[in-house]
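Single-letter residue listing:
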Amino acid sequence: MSRFRGFGVVAWRELLTVVRTRSYLLLSAGLLLVFVGVLRVAGGIGGGYVPTAVDLLLPLELLVPLVAVALGYRAFSGENDDRPVLRTYPLSKSALVAGVFAGRFVGLAGIVGGPLVAVGLAVSQIGGPESRVFAVHHGVDSPILFVRFIALTLCFGAVVLAMAMAVSVLVRNSRAALAAALAVLVAVVAGGDLVALLGLSAGSISDDLLGTVLAVGPNAAYRGLVLESVVGVVTDRSNAINVPAAVFGLGGWLGVSLLIVWFGLDRRPALLLQNALDRARSLGLRRRLWARLRRRG
Amino acid sequence: MYQTIQYRYSLIQLYGEMTDRTSSELTSGTLLLIGVGVVLLGGSIGLFVADFGTATPEPVAFDETVAIGLTLEDELRLEDESVDVELPRMQVFYSQYPYVVGYYGIESFVTAHREPTHEQQFGFPTVAYVTDYTSRGIRLTADGLPETRLSPGWIAADEAYYVIDSEARTPSGETIVPFRTAESAEAFTEEYGGTVVEWDAVLQSDVEVDDAETVRTRLDGHRDEADRSVVRRMELADRPVGAVVGENGTTLQDAIDAAPSNTTVLVPNGTHSGPIEIDHPVTLRGSGDARIEGDGNGTVVTVTAPETAIVGVAISGVGDTTPGPTVTDDHAHGGFSGTGGHDHGDTDGDDSWDAAIDDDYAGGDSAVSITTADGVLVADTEIHTDAAGVIVRDSPDFVVSNVTVNGSANYREGHMGVAAMRSVGVVEHSTFIGGLDGVYTHRADGIVVRNNEMYDNRMGVHLMFTSDALLADNAISGQEQTGIYVMTGPQGNGIVGNEITETWTAISVGGSDSYVADNVLSENDLGMRIDATASIFERNVIVDNRNGVETWALLPTNRVTRNDFVGNDRHVPISSGRLRVWTHNGEGNYWEGAIGTTDGAVIQRPYTPTDPIDGRLHRVDGANTLAQAPALDALAGFEGSVPGMRADGVIDVAPLCSPANEAWFERHGRTDIEPVCQSGGQRTENVHHD
């Protein structure tokens, strides 16, 4: 069990960090406001759990990565880079990685899941349609479908969180970490879909492969899984995505990202690169200085 | 800074915790966390794998379903004729539709669920029940209608046994009869024929039910039939002369009485006194300015003989008795809610369910009254009346052609231009000015009202309990209430090519399986009110109205495509029921104001006319900018995906980028049409015009 020594303590510490940061609470409240606004405009909340999930799907596709990146990009970089200290503790590398990830994920679950649970409760209170003349029923709408939706959303969040952590371990400097994290955000939000679109229009992705290729992008996988296992239950229309491929895709991104964190914890590929760049820059500076001096001379 | 200090502090804490604890404690804490993780993981997998079958809903009272498949006329008539008739019925709970849908006739469900948009609007049936005739003492009436001794119960559709191709009928035609047991189904076939099948076979069976497409395809046939009927009736105008009014001092009535059957009574120039009665088949033909003037009391011309014709005369001096306020006041028209306001009870001893309607709508004086006389012609006649123009009772195959009815300027004091009571015929090329309704029909299935002009009446054409009518190419304006009003839930009406303007409500159509196309509705307070279901609304031009179209029918089963909405203050102000998708086979309607990229035929961004922003796009500056906000654009994307679960609204997921009736707009010099089909895309004509 020594491999997981300290996991719980690290996770708890990370969670406390999230809880103590008041701005995260604000972030959560902001999300709730956005959800309320979106649902007011789109009106899904009066229809039941599935229309609510449908209305929230696209906003969440943008907002969940944002929260995940906010939580993950400084996990191991900038001011929080206490790896040298931590590595002196009786703490295994796996426990550190898993602990940091788990702690921050629970934080993310609270920030995103809290408002979603509140929305779910609101749906249960508002209920579906009513009629004094006709018999009314709920069709196959069910709170379980909304719980599925929340679970899928949190899985998506976990994947992007791991990706952001992987970036933070590679880039030490906090400004560079921010830039890299934003790159992850853009890649997650738009990249995969655009690549699929390009492939499709260039003809390199055949039509019958689209459902599988889409699963490679985390957001398309998330969207596809929601359409398949939440919306699809009601419409009886499936084939939104290749489900095993989507699960594998999300799992793959999560696994690979955590592996990068694990490997990158002691090595500093980006730091090496940084040093090389610094050296090159100072070299160039020196050369220009020489040139100026020579002109004077 | 505070954060950093805190972070360092937590690091120190962490170290303290880790060094203080024994390794076994650490392990158990970690184990606990891992345990929780495993439970969560298992739970979430279960969440997706488990089949959470919701409790199967029990059947509801049929009255509480949103029912289709039977006209109100049939419903009232059946109630009236026999209390024991129990038609096969079905009730279906859909996955995303909150109301239980009731079908009269299993076959009406079978055809409905084959509609390509059915599943999109309702989702799939989660459970369906059918009438169970086992042990209910079923037998068929002479008309093939099922009667039972005990009222039948319900059985799940997939557990029942069905008899198809038997002698059983509903008012709409052949019907499928369900039983709980195979034995009782077999027993039924022994007596009434047919074969016993199970549910899957029923879904595959080739049942034929007339629908809106049937109406569309039979339009030409209907017109031809009317043409033939008019030609036949017009021959009556050429009968040999049998008597001349005024010769030997004969009065009009003398001449009529003297003329042999199947001859013409010539009515010379001048004014002739009425009232008159025609009780044998002759033709009354005026020459020059021939006038028949009543004494201001009662009806002027009473026709009781078949194949009578009245051609080329002017009729006036009609009494002013009308049915009065029961008809003229805004009574409760029972257009779609059971018996409604027309069930006045039996006041005159006649026990037919619609006896009171005759008193209310076909009573009073008229210029011409035709009763139980087949094949009567009224042509080239000008009528001045403060009561009714022509009232036709139980007289099929009548033709009214080129007749002008000048009614009362105040509709409350007037009556119908033509009232067709249980009389099918043709009303064409006529003009109706003032009075109550231009043409009023009651149980006149198949009547044709075409190429007429109607001004300043209460309503232009008013259909009650009338199915399969053709209302075509009428020009209607200045109606106090409604241009064309189809009420009391009929089926199969065709409303095509009418131009209606400056009217309170241009078209109000109820019932089902009707076809409303190529009408131009302009400058009305409301262009169209849709109460009908399972109907097709296409290529209508809805321009410059205060409100374009209101949709009230609860069931989202209409096909509304290729209509042009331009210049209305609000294209679709009100919609009740669930969200409707007004798109079929990838094309919707033309909406002035719809925005988005196009492929040359349709706009990719859905247009929601009932949406506060989309609904303002064509008239409020800035709405365009707001509508393209990513936050709102994102919402538009999936909005149409579960329409049955969304409240009130209309969405068009493939708005046309140029008007379907572009020629109409060009002809009328409309410059406010901006086709947004981009260059490079194909022009729309080739793409979405038949």
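Residues numbered from 1 in each chain as written. Chains lettered and ligands numbered in written order. Predicted model: local features only at pLDDT ≥ 70, side-chain atom pairs only at ≥ 80, totals over all residues. Heavy atoms only, no water.

Across its full length, chain B carries 16 helices and 49 strands. Each of the 690 residues in chain B was classed as buried or not, and the buried ones make up 57%. Counted over contacts in chain B with a minimum sequence separation of 6, partners at least 24 positions apart contribute 55%. (Helix = DSSP H or I, 4+ residues; strand = E, 2+ residues; numbered from the N terminus. Buried < 20%, exposed > 50% of the residue type's maximum accessible area, 1.4 Å probe, protein only. Contact = heavy atoms within 4.5 Å.)

This part covers the overall build of chain A. Summing up its helical and strand segments, chain A has eleven helices and zero strands in all. Of the regular secondary structure in chain A, the N- to C-terminal order runs α-α-α-α-α-α-α-α-α-α-α. Across the 297 residues of chain A, 50% fall into the buried class. Look at the contacts in chain A between residues 6 or more apart in sequence, and 84% of them connect residues 24 or more apart. Accessible surface computed for chain A: about 14100 Å², of which carbon and sulfur atoms make up 67%. (Areas by Shrake-Rupley, 256 points an atom, 1.4 Å probe, with all protein chains shown as cover.)

Looking now at the nonpolar core. Core analysis: the biggest nonpolar cluster contains 84 residues, and L56(A), L60(A), V112(A) and F149(A) have the highest contact counts within it. Breaking this core down by element, the ones donating at least two residues are α1 (7-20), α2 (22-42), α3 (49-72), α5 (93-126), α6 (143-170), α7 (174-202), α9 (218-235) and α10 (243-264) of chain A. Broken down by element, the residue count for this core peaks at 18 residues, all from α6(A). With residues near it in sequence (within four places) discarded, L60(A) still touches F35(A), P65(A), V112(A), L116(A), F149(A), T153(A), F156(A) and Y222(A). One finds V390(B), M454(B), L521(B) and C657(B) within the second-largest nonpolar core, a separate group that totals 81 residues. (Core = buried A, V, L, I, M, F, W, Y, C linked by side-chain atoms within 4.5 Å.)

Here the focus is the sheet that holds strand β35 (residues 482-487) of chain B. Sheet strands pair via backbone hydrogen bonds, and the direction of the pair is either parallel or antiparallel. Residue and element names in this part refer to chain B. Strand order across the open sheet formed by eleven strands is β16-β19-β22-β24-β26-β29-β32-β35-β38-β41-β44, with parallel pairing between neighbours. Strands with a single pairing partner mark the edges of an open sheet, and in this sheet they are β16 (276-278) and β44 (547-551). Across the sheet, the axes of successive neighbouring strands diverge by a mean angle of 10 degrees, strand direction being ignored. Examined bridge by bridge, strand β26 (residues 418-421) and strand β29 (residues 437-442) share four bridges and lie parallel to one another. Within the sheet, the bridge partner assigned to A420 lies in β29 and is T441. (Pairing = 2+ DSSP bridges. Axes fitted to C-alpha atoms, helices over the stretch in contact; angles between N-to-C directions.)

With that settled, the discussion passes to the sheet that holds strand β12 (residues 195-197) of chain B. Residues and elements named next belong to chain B. The three strands are arranged β11-β8-β12 in an open sheet whose pairing can be described as antiparallel. Of all the strands in the sheet, just β11 (177-179) and β12 have a single pairing partner and so form its edges. Direction aside, the axes of adjacent strands within the sheet are offset by 30 degrees on average. Looking at chain direction, strand β8 (residues 161-164) and β11 are connected through three bridges and run antiparallel.

Residue and element names in this part refer to chain B. Applying the stated criterion across every chain, the model contains 22 aromatic pairs over all chains. Here Y97 and F122 contribute two aromatic rings whose centre-to-centre distance is 4.7 Å and whose plane-to-plane angle is 70 degrees, an arrangement assigned as edge-to-face. Here Y97 is found in strand β3 (residues 97-104), whereas its partner F122 is found in helix α5 (residues 118-122), with 25 residues between them in sequence. Classification of Y97 by relative accessible area gives buried; the value is 0%. Taken together, the ring pairs in this structure connect Y94, Y97, Y99 and F122 into an aromatic cluster. (Phe/Tyr/Trp six-rings, centres within 6.5 Å; stacked < 30°, edge-to-face > 60°.)

Turning our attention to α3(A). All names here are of chain A. Look at α3: only 30 Å from first C-alpha to last across 24 residues, short of the 34 Å you get at 1.5 Å a residue. Helix geometry: α3 is bent most strongly at L60, by close to 45 degrees. Here α3 lies mainly inside the structure; 21 of its 24 residues are buried. (Expected span 1.5 Å × (residues − 1). Bend = angle between axes of the 7 residues up to and from the residue.)

All names here are of chain B. Counted according to the given criterion, the structure contains 26 salt bridges over all chains. Residue R223 pairs with D220 through a salt bridge whose shortest N-O separation is 3.9 Å. Placement of the pair is R223 and D220 together in helix α9 (residues 219-234), with a separation of three residues, close to one helical turn. Its relative accessible area of 53% is what places D220 among the exposed residues. Notably, a salt bridge pairs R539 with E538, separated by 3.4 Å at the nearest N-O pair. One salt-bridge network, held together by shared partners, links E213, R216, D518, E538, R539 and R559. (Salt bridge = Lys/Arg side-chain N within 4 Å of Asp/Glu carboxyl O.)

Next up on the list: the packing of α5(A) against α10(A). Residue and element names in this part refer to chain A. Axis separation between α5 and α10 bottoms out at 10 Å; the angle between their running directions is 130 degrees. With respect to their mutual orientation, α5 and α10 come out oblique. Taken as a pair, α5 and α10 cross one another with a handedness that is right-handed. Contact with α5, carried on its side by K93, S94, V97 and F101, involves L254, L258, V261 and W262 of α10 and no other residues of that element. Residues that form the contact of α5 with α10 fall into these classes: six nonpolar, one polar and one charged. (Parallel < 35°, antiparallel > 145°, perpendicular 65-115°, else oblique. Left-handed = near helix turned anticlockwise from the far one by under 90°. Nonpolar A, V, L, I, M, F, W, Y, C, P; charged D, E, K, R; others polar.)

A separate point is the pairing of strand β2 (residues 89-94) of chain B. Residues and elements named next belong to chain B. Counting buried residues in β2 gives five out of six residues, a clear majority hidden from the surface. In the sheet, β2 pairs with β3 via five bridges, with the strands oriented antiparallel. Paired with M90 across the strands is Y103, a residue of β3. Between the antiparallel neighbours β2 and β3 lie two residues.

Residues and elements named next belong to chain B. When you line up the elements, N406 lands in strand β25 (residues 398-406). Separated by 3.2 Å, the side chains of N406 and E382 make a polar contact. Apart from the residues lying within four places of it in its own chain, the contact partners of N406 are E382, I383, H384, T385 and I433. (Polar contact = N/O pair within 3.5 Å; in protein donor to acceptor, adjacent residues only side chain to side chain.)

Moving on, we come to α9(A). All names here are of chain A. A rise of 1.5 Å per residue sets the reference length of α9, with its 18 residues, at 26 Å; its end C-alpha atoms lie 24 Å apart and thus fit the reference within 8%. For α9, the tally of buried residues reaches 16 of 18 residues, placing the bulk of the element in the interior. Once α9 finishes, D236 follows within two positions and takes phi at roughly 65 degrees, a positive value.

Take the packing of α3(A) against α5(A) next. Residues and elements named next belong to chain A. Closest axis-to-axis distance for the α3/α5 pair is 11 Å, and the angle between their directions is 160 degrees. The angle between the axes of α3 and α5 places the two elements in the roughly antiparallel class. Both α3 and α5 take part in a crossing whose hand is right-handed. Every residue of α5 that contacts α3 at Y49, T52, L56, L60, V64, V67, A68 and L71 is listed here: R104, G107, L108, I111, V112, L116, V119, G120, V123 and S124.

This part takes up a nonpolar patch on the surface. Residue and element names in this part refer to chain A. A contiguous nonpolar patch, built from L170, V256 and I260 and spanning about 210 Å² of accessible area, is present on the exposed surface. Along the chain, L170 turns up in helix α6. Using a relative accessible area of 31% as the deciding quantity, one classes L170 as partly exposed. (Patch = residues over 30% accessible without salt bridge, like charges linked within 9 Å, V, L, I, M, F, W, Y side chains within 5 Å.)

A residue-level look at chain B finds 87% of positions with pLDDT of 70 or above and a mean pLDDT of 84. Across residues 679-690 of chain B the pLDDT falls below 50, and counting only partners more than four positions away or on other chains, this stretch makes 24 contacts in the model. (pLDDT = per-residue confidence, 0-100.)

This next bit is on the pairing of strand β18 (residues 290-293) of chain B. All names here are of chain B. Burial of β18 is one-sided: the residues A290 and I292 facing one way are buried, the residues R291 and E293 facing the other way are not. As judged from the four bridges shared by strand β15 (residues 270-273) and β18, these two strands associate in the parallel manner. When the sheet's bridge partners are listed, H272 is paired in β18 with I292.

Of all residues in chain A, 88% attain a pLDDT of 70 or more, and the chain-wide mean is 81. Highest mean pLDDT in chain A belongs to α6(A) (90); lowest belongs to helix α4 (residues 83-86) of chain A (66).

Let us look at the environment of V392(B). All names here are of chain B. The residue V392 is located in strand β24 (residues 388-393) in this model. For V392, a relative accessible area of 0% translates into the label buried. Through-space distance from the C-alpha of V392 to that of A420 is 4.9 Å; in sequence the pair is 28 residues apart. Dropping the residues within four chain positions of it, V392 is found in contact with I370, F398, A419, A420, M421 and S423.

On to the environment of N568(B), then. Residue and element names in this part refer to chain B. Its place among the elements puts N568 in the loop between β46 (564-566) and β47 (579-581). Classification of N568 by relative accessible area gives buried; the value is 2%. Considering only alpha carbons, one finds N568 and D544, 24 residues apart in sequence, at a separation of 4.5 Å. Once residues lying within four places of it in the same chain are set aside, the contact partners of N568 are I542, V543, D544, N545, R546, G548 and H618.

Relative to the helices and strands, Q91(B) resides in strand β2. Among residues more than four places away in sequence, those in contact with Q91(B) are P59(B), V60(B), T65(B), V100(B), V101(B), G102(B), V127(B), A128(B), Y129(B) and W154(B).

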